[in-house]
Amino acid sequence: QVQLAESGGGLVQAGGSLRLSCAASGRTFVLYNMGWFRQAPGKEREFVGAITGSNDNLLYRESVKGRFTISRDDAKNTVYLQMDSLNTEDTAVYYCAFKANRFLSATNPANYNYWGQGTQVTVSS
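The model shown is predicted, which means the values in this text are computed figures rather than measured ones. (Residues numbered from 1 in each chain as written. Predicted model: local features only at pLDDT ≥ 70, side-chain atom pairs only at ≥ 80, totals over all residues. Heavy atoms only, no water.)

Student: Is there a simple way to explain the overall build of the chain in this structure?
Tutor: A tally of regular secondary structure across the chain gives 0 helices and 11 strands. Across the chain, helices and strands are ordered from the amino to the carboxyl terminus as β-β-β-β-β-β-β-β-β-β-β. Against the compact-globule benchmark of 14 Å for 125 residues, the chain has a radius of gyration of 13 Å, which places it among compact chains. Seen through its principal axes, the chain has C-alpha atoms that stretch 40 × 30 × 25 Å. By residue count, 42% of the 125 residues in the chain fall in the buried class. (Helix = DSSP H or I, 4+ residues; strand = E, 2+ residues; numbered from the N terminus. Rg over C-alpha atoms; globule rule 2.2 N^0.38 Å. Buried < 20%, exposed > 50% of the residue type's maximum accessible area, 1.4 Å probe, protein only.)

Shown next as structure tokens:
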């Protein structure tokens, strides 16, 4: 069993930054297949980015490239999502998730087995 807990969301003005954290517990090597997703009201959950493998392969959706950065701290069993240059379209509930099968696509939320509770990010204009 894997438990994931996000934190760090909040209200920020456009152009600002936030750093989300996802603390994992319950299983080793969880951080090797972690994804970040978001869901805005009335929209489907969408892929934001992922960090996979022991060599930290990083993958991002096009709209966040250059603005968002995923990293991890193995000692703290935590994955981070640093979000810079935020805009109103980034407003959503953000989720971290763990994918047990590393061979499955990282961008499909259906491939993830465990999810955090989500943290709200609101960007004001």
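Student: Whenever I open this one, the pattern of salt bridges confuses me. Can you help?
Tutor: Applying the stated criterion across every chain yields a total of 6 salt bridges. Note that Glu62 is salt-bridged to Lys65, the shortest N-O span being 3.1 Å. Assessed through its relative accessible area of 62%, Glu62 is described here as exposed. The class for Lys65 is partly exposed, based on a relative accessible area of 47%. Note that Arg67 is salt-bridged to Asp90, the shortest N-O span being 2.8 Å. Placement of Arg67 in the loop between strand E6 (57-60) and strand E7 (68-73) and of Asp90 in the loop between strand E8 (78-83) and strand E9 (92-98) is noted, with a sequence separation of 23 residues between them. (Salt bridge = Lys/Arg side-chain N within 4 Å of Asp/Glu carboxyl O.)

Student: What am I meant to see in the pairing of strand E1 (residues 3-7) here?
Tutor: Successive side chains on a regular strand alternate, one facing one side of the sheet and the next facing the other. Alternating positions in E1 separate cleanly, Leu4 and Glu6 being buried on one face and Gln3, Ala5 and Ser7 remaining unburied on the opposite face. Taken together, the 5 bridges between E1 and strand E3 (residues 18-25) define a ladder with antiparallel strand orientation. Across the sheet, residue Glu6 finds its bridge partner in E3, namely Cys22. (Pairing = 2+ DSSP bridges.)

Student: Got a minute to help me understand the environment of Leu11 in this structure?
Tutor: In this fold, Leu11 is placed in strand E2 (residues 10-13). Apart from residues lying up to four places away in sequence, Leu11 is in contact with Thr122 and Ser124. (Contact = heavy atoms within 4.5 Å.)

Student: Can you help me understand the sheet that holds E8 in this one?
Tutor: The pairing of strands in a sheet comes from backbone hydrogen bonds and takes either a parallel or an antiparallel form. One open sheet holds the 4 strands; their spatial order is E1-E3-E8-E7, and the pairing between them is antiparallel. Two strands in the sheet have a free side with no partner beyond their single neighbour: E1 and E7. Adjacent strand axes in the sheet meet at a mean angle of 15 degrees when their direction is disregarded. Judged from the 6 bridges that link them, E3 and E8 form a sheet pairing that is antiparallel. Counted as the bridge partner of Ala23 is Thr78 from E8. (Axes fitted to C-alpha atoms, helices over the stretch in contact; angles between N-to-C directions.)

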